[in-house]
Amino acid sequence: MKIPFNRVYITGKEVEFFTQALYSRGHCGNHGFGKKCATFLEQKFGFTEVFLVPSGTDALEMGALLADLKKDDEVILPSWTFSSTANAIVLAGATPVFCEVDPKTMNIDASKIEKLITPRTKMIVPIDYAGVPCELREIRKIADKHNLTLMLDAAQSMTSTYGDDYWRLADLVTFSFHETKNFSCGEGGALCVNRRRYLPRAEFLQEKGTDRTQLMKGVISRYSWVDKGSSYLLSDLLAAVLYSQLESIDEITQKRKQIWDAYKKLLAPYEQRGLVRTPHVPQGATVNYHAFWVIFDNEANQMRFMNKLREVDVHSYIGYVPLHSSKMGVNFGYKEGDLPITEDCFRRLARLPFFTDLASDGLEVCLERMKNVLQQLYGSL
Ligand SMILES: *Cc1c(COP(=O)(O)O)cnc(C)c1O
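Residues numbered from 1 in each chain as written. Predicted model: local features only at pLDDT ≥ 70, side-chain atom pairs only at ≥ 80, totals over all residues. Heavy atoms only, no water.

### Section: the overall build of the chain
At step 1: When you go through the chain residue by residue, the secondary structure sums to 14 helices and 14 strands.
At step 2: The globule rule puts the C-alpha radius of gyration for 381 residues at 21 Å, and the 21 Å found for the chain is close to it.
At step 3: Oriented by its inertia axes, the alpha-carbon framework of the chain measures out at about 75 × 55 × 35 Å.
At step 4: When each of the 381 residues of the chain is scored for burial, the buried share is 55%.
At step 5: For the chain, contacts bridging at least 24 residues in sequence account for 72% of all contacts bridging at least 6.
At step 6: Summed over its atoms, the accessible surface of the chain is roughly 16300 Å², and 52% of this surface lies on carbon and sulfur atoms. (Helix = DSSP H or I, 4+ residues; strand = E, 2+ residues; numbered from the N terminus. Rg over C-alpha atoms; globule rule 2.2 N^0.38 Å. Buried < 20%, exposed > 50% of the residue type's maximum accessible area, 1.4 Å probe, protein only. Contact = heavy atoms within 4.5 Å. Areas by Shrake-Rupley, 256 points an atom, 1.4 Å probe, with all protein chains shown as cover.)

Structure representation (structure tokens):
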């Protein structure tokens, strides 16, 4: 039995909703299912307004444009993130400034943000790695003190919690519905707006720089080019698939919890002896069980673990190649050694197979094989 790293989950309602969307003949963005998804997210998380977009990447790009980033502006983000977080900043013409992580969560170390702020700093973009919420309340205070925009890249953390107002703290929040995420429609995303001042510019940006949304609302009788923009709209055919997944949030989360709990239990004896570390969920926070990582005691054991697992057809993966030490990061003047904590964690971290179906199909086999490999590494505990 092969245990892949990821596999798309199908709730069963996708076909019905997709067929409805197909025959509704409203296939472009902001139709029936798109509106249903946006309303669902607004109500569940308390956002002022939600824009469904073609990807998490587009949500970040649209957010960077809304924040009005300009050439020479600086944006602080963790080096431990996906390229899209940085690309949104770079495409807007601004400069990424990379911050260290807190090795307990692999999220941005909030205590190290302030010393990176310069007169050119315009925005902070933290992420919630593996679905574990970052220290957003503390980051909000820093943003307020220095008058900075705060955009949370929550591509991985939809439905995680950290206090009642977690989802309202950032000015802008982005989600991803890529097939590797908990709730997916293949490719998709959302830009969630928490401040009225971003409306209606967000509508213009989404609709190719036009005020077409005002026309659709019946406010004006013809639309025209009023701002810069692009086509940041998710087709209603995909929104239909997404809606079936949003209706199954509880079922999906329950299944993923089983996997998370099983991994925690398997690794507990090794963690207690200080041989490995696993994600720490801060006091008062809950996780959506997006992904699970293990940081080994050294690089050699991380490699042995991943290789031995592959030999028994269980597929783990590394986290990220840190952005600051990648080719683009070097172009921005960074070098190996600039962020030693991030680099050290990168060399020792492996992500375990994690997908919704694993809970009912393969988890026992996966745990058994992993246990075996751990025993080869550390002896039986
Ligand atoms: C997945 C992901 C993205 C990109 O989302 P897409 O929908 O694939 O464009 C951005 N940031 C983070 C942290 C992600 O995990």
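There's more to say after this.
### With respect to the pairing of strand S6 (residues 121–124)
At step 1: Judged from the three bridges that link them, strand S2 (residues 74–78) and S6 form a sheet pairing that is parallel. Note on S6: the bridge partner recorded for glutamate 74 is threonine 121.
At step 2: Looking at chain direction, S6 and strand S7 (residues 149–153) are connected through two bridges and run parallel. Each bridged residue has a counterpart across the sheet, and for isoleucine 124 the counterpart in S7 is leucine 150.
At step 3: With helix H5 (residues 136–146) bridging S6 and the parallel S7, this β-α-β connection has right-handed handedness. (Pairing = 2+ DSSP bridges. Right-handed = clockwise from strand over helix to strand, strands pointing away.)

### Topic: helix H14 (residues 363–378)
At step 1: The end-to-end C-alpha distance of H14 is 22 Å, a good match for the 22 Å that 16 residues give at a rise of 1.5 Å each.
At step 2: Of the residues making up H14, those classed as buried are Leu363, Cys366, Leu367, Met370, Val373, Leu374, Leu377 and Tyr378. Buried residues in H14, looked at end-on, bunch into an arc of 130°, giving them a common side. Exposed residues on H14 whose side chains face more than 90 degrees from its buried face are Glu364 and Glu368.
At step 3: Check the buried side of H14 and you find it contacts helix H10 (249–272), strand S11 (276–277), strand S13 (293–296) and helix H11 (299–311). (Expected span 1.5 Å × (residues − 1). Arc of directions from axis to C-beta.)

### Some thoughts on empty space enclosed by the protein
At step 1: Overall, the coordinates contain two cavities of 30 Å³ or more when judged by the stated rule.
At step 2: The space that makes up the largest cavity amounts to roughly 60 Å³.
At step 3: Surrounding the largest cavity, 13 residues form its lining, Arg7, Tyr9, Glu179, Lys181 and Arg256 being those nearest its centre.
At step 4: Its residues placed into classes, the lining of the largest cavity shows three nonpolar, six polar and four charged.
At step 5: If you add up the space inside the second largest cavity, you get close to 40 Å³.
At step 6: Around the second largest cavity sit Ala155, Gln156, Ser157, Met158, Ser176, Phe177, Lys181, Asn182, Phe183 and Asn288, which together line it.
At step 7: Among the residues forming the lining of the second largest cavity, the class breakdown is four nonpolar, five polar and one charged. (1 Å grid on protein atoms, 1.4 Å probe; cavity = no way out; pocket = protein on both sides within 12 Å on 5 of 7 lines; lining within 4 Å. Points joined across faces, edges and corners; volume = space filled by probe spheres on them. Nonpolar A, V, L, I, M, F, W, Y, C, P; charged D, E, K, R; others polar.)

### Re the side chain of threonine 105
At step 1: Along the chain, the position of threonine 105 falls in the loop between strand S4 (101–102) and strand S5 (107–108).
At step 2: Leave out the neighbours within four places in its chain, and threonine 105 touches Tyr129, Val132, His280 and Trp293.

### Here we look at the packing of aromatic side chains
At step 1: The final tally for this structure, using the stated rule, is 22 aromatic pairs.
At step 2: Grouped by ring-pair contacts, the aromatic residues Phe45, Phe47, Tyr162, Tyr166, Trp167 and Phe175 constitute a single cluster. (Phe/Tyr/Trp six-rings, centres within 6.5 Å; stacked < 30°, edge-to-face > 60°.)

### Structural notes on unusual backbone geometry
At step 1: With an omega of 0°, the peptide bond running from leucine 199 to proline 200 counts as cis.
At step 2: Relative to the elements of secondary structure, proline 200 occurs in the loop between strand S10 (189–193) and helix H7 (201–206).
At step 3: Located in the positive-phi region is threonine 159, a residue other than glycine, with phi close to 85°.
At step 4: Mapped onto the elements, threonine 159 comes out in the loop between S7 and strand S8 (161–162).
At step 5: Judged by relative accessible area, which is 17%, threonine 159 ranks as buried.

### Quick notes on the site of the ligand
At step 1: Looking at the ligand, there are 17 residues lining it, with Gly56, Thr57, Asp153, Ser176 and Lys181 nearest.
At step 2: Within the contact set of the ligand, an oxygen atom lies 2.8 Å away from a side-chain nitrogen or oxygen of glutamine 156.
At step 3: In this structure, an oxygen atom belonging to the ligand sits 2.7 Å away from a side-chain N or O atom of serine 176.
At step 4: Considering the ligand on its own, with 380 Å² of exposed area, one finds that the protein chains cover 93% of that surface. (Near = heavy atom within 4 Å. Polar contact = N/O pair within 3.5 Å; in protein donor to acceptor, adjacent residues only side chain to side chain.)

### Quick look at the layout of surface pockets
At step 1: Its volume calculated, the largest pocket comes out at about 580 Å³.
At step 2: Taken together, 31 residues make up the lining of the largest pocket; nearest its centre are Phe82, Gln156, Thr180, Lys181 and Tyr320.
At step 3: Looking at the lining of the largest pocket, the elements that each hand over two or more residues are helix H3 (56–66) and helix H4 (83–91).
At step 4: The element contributing the most residues to the lining of the largest pocket is H3, with three residues.
At step 5: Taken together, the residues of the lining of the largest pocket break down into 12 nonpolar, 13 polar and six charged.
At step 6: The calculated volume of the second largest pocket comes to roughly 410 Å³.
At step 7: Residue lining of the second largest pocket: 20 residues in total, with Asn30, Lys35, Glu49, Thr213 and Lys217 positioned closest to the centre.

### Let's talk about H11
At step 1: Over its 13 residues, H11 extends 19 Å from the first C-alpha to the last, a length consistent with the 18 Å expected when each residue adds 1.5 Å.
At step 2: Buried residues of H11: Asn301, Gln302, Phe305, Met306 and Leu309, and no others. One side of H11 holds all its buried residues, which, seen down the axis, span an arc of 130°.
At step 3: One side-chain oxygen at the N-terminal end of H11 lies 3.2 Å from the backbone nitrogen of alanine 300; it belongs to asparagine 298.

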